[in-house]
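# Analysis of the macromolecular model
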Amino acid sequence: QVQLVESGGGLVQTGGSLRLSCAASGSISWYAMGWYRQAPGKQRETVATIGNIGRSTNYADSVKGRFTISRDNTKNMVYLQMNSLKPEDTAVYYCNKHPPPVGAYWGQGTQVTVSS
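Nothing here was measured: the structure is a model prediction, and the numbers come from that model.

Now for the pattern of salt bridges. Where side chains of opposite charge bring their charged atoms close, a pairing between them can arise. Counted according to the given criterion, the structure contains four salt bridges. Across the pair glutamate 45 and arginine 37 runs a salt bridge, and its minimum N-O distance is 2.6 Å. Take arginine 37: its relative accessible area is 5%, and that puts it in the buried class. Salt bridges sharing common partners tie together Arg37, Glu45, Arg66 and Asp89.

Here the focus is the environment of aspartate 89. Within the element layout of this structure, aspartate 89 appears in the loop between β8 (77-82) and β9 (91-97). Residues aspartate 89 and valine 63, 26 residues apart in the sequence, show an inter-C-alpha distance of 8.6 Å. In contact with aspartate 89, other than residues within four places in its own chain, are Arg37, Val63, Arg66, Phe67, Ser84, Val112 and Val114.

This brings us to the packing of aromatic side chains. One pass over the structure, following the stated rule, counts two aromatic pairs. Taking 5.2 Å as the distance between ring centres and 90° as the angle between the ring planes, the aromatic pair formed by tyrosine 36 and tryptophan 106 counts as edge-to-face. In this pair, tyrosine 36 sits in strand β4 (residues 33-38) while tryptophan 106 sits in the loop between β9 and β10 (110-115), placing the two residues 70 residues apart along the sequence. Centroid distance tyrosine 94 to tryptophan 106: 5.8 Å. Interplanar angle 85°. Geometry classified as edge-to-face. With tyrosine 94 in strand β9 and tryptophan 106 in the loop between β9 and β10, the pair connects residues that are 12 residues apart, well separated along the chain. Judged by relative accessible area, tyrosine 94 falls into the buried class, the value being 11%. Grouped by ring-pair contacts, the aromatic residues Tyr36, Tyr94 and Trp106 constitute a single cluster. Stacked on the ring of tyrosine 79, the Lys or Arg arginine 19 has its end atom at 4.0 Å from the ring centre. Above the ring of tyrosine 31, the side-chain terminus of lysine 97 is found at 4.0 Å from the ring centroid.

What counts as what
Residues numbered from 1 in each chain as written. Predicted model: local features only at pLDDT ≥ 70, side-chain atom pairs only at ≥ 80, totals over all residues. Heavy atoms only, no water. Salt bridge = Lys/Arg side-chain N within 4 Å of Asp/Glu carboxyl O. Buried < 20%, exposed > 50% of the residue type's maximum accessible area, 1.4 Å probe, protein only. Helix = DSSP H or I, 4+ residues; strand = E, 2+ residues; numbered from the N terminus. Contact = heavy atoms within 4.5 Å. Phe/Tyr/Trp six-rings, centres within 6.5 Å; stacked < 30°, edge-to-face > 60°. Lys NZ or Arg CZ within 6 Å of the ring centre and 35° of its normal.

Here's what the structure looks like:
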């Protein structure tokens with residue numbers, strides 16, 4: 001079972017940028033991957049997904065044009081570049097396979113807080 005560790009979150013002002021990283025303990029080159037987020041009192045939602053070799057990407061409408069997902073299979077890493085951040089982007093961000101397997105383990109995630 002590949003373990004995933006998210007990092008890179010923090011507190012930023014509206015309009016700021018952050019780059020999230022997801023480090024995998026083993027090879028993820030066979031898997032499509034995704035970034036997900038969960039805000040307090042809300043269900044987890046899919047933010048962005050990327051195919052196993054990085055050619056195909058998809059984004060939630062709310063982040064299109066502001067977020068960019070990428071991956072480096074040689075390093076077993078997945079990234080999420082977040083620009084023009086808004087207060088509504090505040091959430092805990094997670095990475096996982098896409099789609100997440102039934103009963104998937106979700107790590108601690110990384111907190112992103114955008115102040116207005």
